[in-house]
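Observations on the model geometry
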Amino acid sequence: MEVVRLEDRSLALRRLALAGALCALGVVMSPLSFPVGPAKCYPFQHALNVVAGYFLGPWYGAGYALVTSLIRISLGTGTLFALPGSIPGALLAGLAARAIRGHLVPALGELMGTCLVGAYLASALVGPMMGRSVSFQFLLSAFAISSVPGAALGALAVRLSHGRVLGLVGGRLSDNLK
């Protein structure tokens, strides 16, 4: 039987609480989007992906992006493109933040995840599932229109909130991820 230390349970609870707060913020801000072709561009999702990647790490960040996207889709404020447009960005933001220290690194990871991986997945999988032929180049530009300002805003948010969030959660949560 595996013994779970109290510190590990407390850290997991703090990560879950922060992920829930970011998810709620993402859903509340979801009407602030604009259409580009079949996708709805939502820069605040990308900003929150950077914040989640930096403070929560890759797995909790991707989980937050998944839950937020599903809620947005169910409320009609997002399309199926929200899934490949947010999850890879949050995952790569967290992986980048874990690999290299710095406030801009998760923003670059978010851009790579959303613009390259997300646009490819959306053009190869989501577009055909929706009965639409959408080119990778079109989605790359549409996702970049949303992701570039969002990632910049997220990097700024990480920079400005760094000390306050770390004080509240007792250190950088992603430092303790395995």
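Parameters at a glance
Residues numbered from 1 in each chain as written. Predicted model: local features only at pLDDT ≥ 70, side-chain atom pairs only at ≥ 80, totals over all residues. Heavy atoms only, no water. Axes fitted to C-alpha atoms, helices over the stretch in contact; angles between N-to-C directions. Helix = DSSP H or I, 4+ residues; strand = E, 2+ residues; numbered from the N terminus. Parallel < 35°, antiparallel > 145°, perpendicular 65-115°, else oblique. Left-handed = near helix turned anticlockwise from the far one by under 90°. Contact = heavy atoms within 4.5 Å. Nonpolar A, V, L, I, M, F, W, Y, C, P; charged D, E, K, R; others polar. Phe/Tyr/Trp six-rings, centres within 6.5 Å; stacked < 30°, edge-to-face > 60°. Buried < 20%, exposed > 50% of the residue type's maximum accessible area, 1.4 Å probe, protein only. Core = buried A, V, L, I, M, F, W, Y, C linked by side-chain atoms within 4.5 Å. Patch = residues over 30% accessible without salt bridge, like charges linked within 9 Å, V, L, I, M, F, W, Y side chains within 5 Å. Areas by Shrake-Rupley, 256 points an atom, 1.4 Å probe, with all protein chains shown as cover. Salt bridge = Lys/Arg side-chain N within 4 Å of Asp/Glu carboxyl O. Expected span 1.5 Å × (residues − 1). Lys, Arg positive; Asp, Glu negative; His and termini not counted.

As a further point, take the packing of helix α2 (residues 43–56) against helix α5 (residues 105–129). One can describe the packing of α2 onto α5 by two numbers: an axis separation of 9 Å at closest approach and a directional angle of 125 degrees. Considering the angle they form, α2 stands oblique to α5. For the element pair α2 and α5, the recorded crossing hand is right-handed. On the side of α2, the interface is formed by H46, N49, V50 and Y54, while α5 contributes P106, A107, E110 and T114. Each residue belonging to the contact of α2 with α5 can be placed in one class, and the counts come to 4 nonpolar, 3 polar and 1 charged.

With that settled, consider the packing of aromatic side chains. All told, the structure shown has 2 aromatic pairs when counted by the stated rule. Consider the rings of Y42 and F44, whose centres lie 6.4 Å apart with planes at 65 degrees: the pair is edge-to-face. Note on Y42: relative accessible area 2%, which makes it buried. By relative accessible area, F44 is classed as partly exposed at 25%. Ring plane angle 85 degrees and centroid distance 4.9 Å describe the contact between Y54 and F55, whose orientation is recorded as edge-to-face. In this structure Y54 comes out as buried when scored by relative accessible area, which is 4%. For F55, a relative accessible area of 2% gives the class buried.

What follows covers the nonpolar core. Among the nonpolar cores identified, the biggest contains 19 residues, and L22, F55, L56, Y64 and V158 are the most heavily contacted of them. Residue assignment for this core shows that the elements contributing at least two residues are α1 (6–28), α2, α3 (58–75), α4 (82–99) and α6 (136–169). Tallying contributions element by element places α2 first for this core, with 7 residues. Setting aside anything within four residues of it in sequence, one finds L22 in contact with L48, V51, A52, L56 and Y64. F81, A119, V126 and F143 belong to the second-largest nonpolar core, a separate cluster that totals 7 residues.

Attention now goes to a nonpolar patch on the surface. Nonpolar side chains collect at one region of the surface, where L80, M112, L116, V117, Y120, L121, L125, M129 and M130 lie side by side and expose about 810 Å² of accessible area between them. With respect to the helices and strands, the residue M112 is situated in helix α5.

With respect to the element layout, F55 can be found in helix α2. Sequence-wise, F55 and V158 are 103 residues apart; in three dimensions their C-alpha atoms are separated by 8.4 Å.

Right, let's get into α2. Taking 1.5 Å per residue as the helical rise, α2 with its 14 residues ought to reach 20 Å, and the 19 Å between its terminal C-alpha atoms agrees with that figure. Counting buried positions along α2 gives 13 out of 14 residues, so the element sits mostly inside the fold. Phi for G57, located one or two positions after α2, is positive at around 95 degrees.

Quick look at the side chain of E110 now. Note that E110 resides in helix α5. No salt bridge is formed by the buried E110, whose closest oppositely charged neighbour, R72, lies at an N-O distance of 10 Å. Not counting chain neighbours up to four residues away, the residues in contact with E110 comprise H46, N49, V50, G89, A93, S147 and A151.

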